[in-house]
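Here is what each chain is made of, one letter per residue.
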Amino acid sequence: MIASVLPTYNRAPLSFVKGEGSWLIAADGRRFLDLGSGIAVNALGHAHPALVEALTNQAQNLWHVSNLYEIPQQQALADKLVAETFADTVFFTNSGTEACELAVKMARKYFYDKGQPERVEIITFEGSFHGRSSAGIAAAGSEKMVKGFGPILPGFVHLPWGDTEAVAAAIGDTTAAILVEPVQGEGGIRPMPDQDLKALRALCDEHGLLLILDEVQCGVGRTGKLFAHEWAGITPDIMMVAKGIGGGFPLGAVLATENAASGMTAGTHGSTYGGNPLGCAVGCAVMDHVATPEFLAEVNKKAGLLRQKLEGLVASHPEVFEEVRGTGLMLGLKCKAANIDVVQAGYAAEVITVPAADNVIRLLPALTITEADITEAMTRLDAAATAVESA
Ligand SMILES: *Cc1c(COP(=O)(O)O)cnc(C)c1O
């Protein structure tokens, strides 16, 4: 008999009743150190007082009105994002994959309105992840995601990760955009080198294409800049955001330049819940914390410390780990042992990590993780690795 919850997930046999900062507490009282943050979502940790306050204040006043009316919290969050980024305009969604839907529609509408309706193709990369909607799975293109789901949304070209020569060769009369994660998350914590991102930007400029960055996982302070592309000194035309921006409340966004968004006039797109008062009140509180030089300096400091300790961990467990990869607090351990065994040994040692492709485990701690918690994390990861070695 089918489970009452549609069985699309391989769940670990763990459940939690409370979260506090970097800690998750199980019903039996066990305290797990959370290095997964609900897959890079709880950017300020669990139950951050400022987010609790923003959410409860808003909940006591107004939850939902729809986008038929003005929503001051949405306006405020859009203004903050515009002030802090390349973007001139923002559309709010409830998730990353909805942001992908709009990014694709926006790019195609841009060329349609420019009198080039044949420009519909979007170049993407192997190992990418853009969510599970029809456009998201078509963009990623992996057999695992598309097989069995009938005709796939056409208009995506999949190229090897980081092969900028292949990109140059693939650009033609029907190309509209290049879509890329500056740091692949699900694909195994693979940062695109700055020079490659620069090369993609240059190709877009040369051919009049739009550069779409998917910063759903790597954005909102995760890499130590507000957005990951800032490290490369480039800006996109369109950017997808979600996960960390809501700090745990379902919230996503598409940020765009005025030029890239020029086709999206009244009636061309919409969402019932997107940009609702609850999500945007929380999003404003997240931005107020993360988008400050002091906060990002702390992220970089913690990231340096964690990375250094992880290098030590890899060195002392050469049979379990191969290397540390990633950037900021978006780090991966490429495993020699099966990554899932390491994740499960972590559960036994009461430390939570997240598996990714390419036999990697992901460390995506709260951006607010303390130095004491980093030290404790290493003790627990060391215990997990030792258990894997002796298994
Ligand atoms: C998680 C993720 C998505 C999809 O976001 P959902 O909120 O699950 O729809 C898209 N792109 C990237 C890079 C992601 O990590």
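Fair warning: this is a prediction, and the values are worked out from it, not measured in the lab.

Enquirer: Which residues make up the layout of surface pockets, and what are the values?
Expert: Counted as a void, the second largest pocket has a volume near 580 Å³. Asn 67, Gln 74, Val 90, Phe 91 and Phe 92 are, among the 23 residues lining the second largest pocket, the residues nearest its centre. Every element with two or more residues in the lining of the second largest pocket is listed here: helix 3 (72-84), strand 4 (89-93), helix 4 (96-113) and strand 12 (252-256). Looking at the lining of the second largest pocket element by element, the count peaks at 4 residues for strand 4. Classifying every residue of the lining of the second largest pocket by side-chain character gives 12 nonpolar, 10 polar and 1 charged.

Enquirer: Help me get a handle on the sheet that holds strand 1 (residues 16-20), residues and values and all.
Expert: Overall, mixed pairing links the 4 strands, which are arranged 1-2-3-15 in an open sheet. Every interior strand has two partners, whereas the edge strands, strand 1 and strand 15 (351-352), have only one. Inspection of the sheet shows strand 3 (residues 31-34) paired to strand 15 by 2 bridges, in the parallel sense. Bridge assignment links Asp 34 to a residue of strand 15, and that residue is Ile 352. Contacting strand 2 (23-26), strand 3 and strand 15, helix 12 (residues 371-389) crosses the sheet at an angle of about 105° to strand 3.

Enquirer: Give me the lowdown on the state of the cysteines, citing residues and values where you can.
Expert: Under the definition given, this model contains 0 disulfides. Distance from the sulfur of Cys 204, which forms no disulfide, to the nearest cysteine sulfur (Cys 100) is 16 Å.

Enquirer: Describe the domain arrangement of the protein chain, and please don't skip the residues or the numbers.
Expert: Its domain assignment divides the protein chain into domain 1 (17-45 + 293-333 + 356-390) and domain 2 (50-290). Its C-alpha centre places domain 1 at a distance of 26 Å from the equivalent point of domain 2. On the side of domain 2, 27 residues touch domain 1, which itself brings 27 residues to the contact. Both faces considered, domain 1 and domain 2 share a buried interface measuring about 2,100 Å² in area, 64% of it formed by carbon and sulfur atoms. By the criterion of area lost to domain 2, the three top residues of domain 1 are Leu 44, Leu 296 and Met 330, representing 29% of everything that side buries. Linking domain 1 with domain 2 are 1 salt bridge. Across the contact surface, domain 1 and domain 2 share 9 residue pairs in polar contact (both at pLDDT 80 or more). Elements supplying a minimum of two residues to the side of domain 1 that touches domain 2: helix 1 (37-40), helix 10 (293-316), strand 13 (321-327), strand 14 (330-335) and strand 17 (360-363). If you tally residues by element for the side of domain 1 that touches domain 2, the top one is helix 10, at 4 residues. Tallied by class, the residues present in the side of domain 1 that touches domain 2 amount to 17 nonpolar, 7 polar and 3 charged.

Enquirer: Go over the site of the ligand with me, naming the residues and quoting the values.
Expert: Taken together, Ser 95, Gly 96, Thr 97, Phe 129, His 130, Gly 131, Glu 181, Asp 214, Val 216, Gln 217 and Lys 243 make up all the residues around the ligand. Look at the ligand: alone it shows 380 Å² of surface, and the protein chains cover 83% of it.

Enquirer: Residues and numbers for the environment of Gly 19, please.
Expert: Within the element layout of this structure, Gly 19 appears in strand 1. For Gly 19 and Val 343, which are 324 residues apart along the polypeptide, the C-alpha to C-alpha distance reads 20 Å.

Enquirer: Can you break down the packing of aromatic side chains residue by residue, with the values?
Expert: All told, the structure shown has 3 aromatic pairs when counted by the stated rule. The interplanar angle of 90° and the centroid separation of 6.1 Å between the aromatic rings of Phe 125 and Trp 161 together place this pair among those described as edge-to-face. In this pair, Phe 125 is assigned in strand 5 (residues 121-125) and Trp 161 in the loop between strand 6 (156-159) and helix 7 (164-170), connecting sequence segments 36 residues apart. Taken individually, Phe 125 and Trp 161 each receive the classification buried, so the pair is uniform in this respect. When the ring centre of Phe 156 is taken as origin, the NZ or CZ atom of Arg 108, which lies over that ring, is 5.5 Å away. Between the NZ or CZ atom of Lys 225 and the centre of the ring of Trp 231, over which it lies, the distance is 4.7 Å.

What counts and what doesn't
- Residues numbered from 1 in each chain as written.
- Predicted model: local features only at pLDDT ≥ 70, side-chain atom pairs only at ≥ 80, totals over all residues.
- Heavy atoms only, no water.
- 1 Å grid on protein atoms, 1.4 Å probe; cavity = no way out; pocket = protein on both sides within 12 Å on 5 of 7 lines; lining within 4 Å.
- Points joined across faces, edges and corners; volume = space filled by probe spheres on them.
- Helix = DSSP H or I, 4+ residues; strand = E, 2+ residues; numbered from the N terminus.
- Nonpolar A, V, L, I, M, F, W, Y, C, P; charged D, E, K, R; others polar.
- Pairing = 2+ DSSP bridges.
- Contact = heavy atoms within 4.5 Å.
- Axes fitted to C-alpha atoms, helices over the stretch in contact; angles between N-to-C directions.
- Disulfide = S-S within 2.5 Å.
- Domains from an automatic or database assignment.
- Buried area = accessible area lost by both parts, 1.4 Å probe.
- Salt bridge = Lys/Arg side-chain N within 4 Å of Asp/Glu carboxyl O.
- Polar contact = N/O pair within 3.5 Å; in protein donor to acceptor, adjacent residues only side chain to side chain.
- Near = heavy atom within 4 Å.
- Areas by Shrake-Rupley, 256 points an atom, 1.4 Å probe, with all protein chains shown as cover.
- Phe/Tyr/Trp six-rings, centres within 6.5 Å; stacked < 30°, edge-to-face > 60°.
- Buried < 20%, exposed > 50% of the residue type's maximum accessible area, 1.4 Å probe, protein only.
- Lys NZ or Arg CZ within 6 Å of the ring centre and 35° of its normal.

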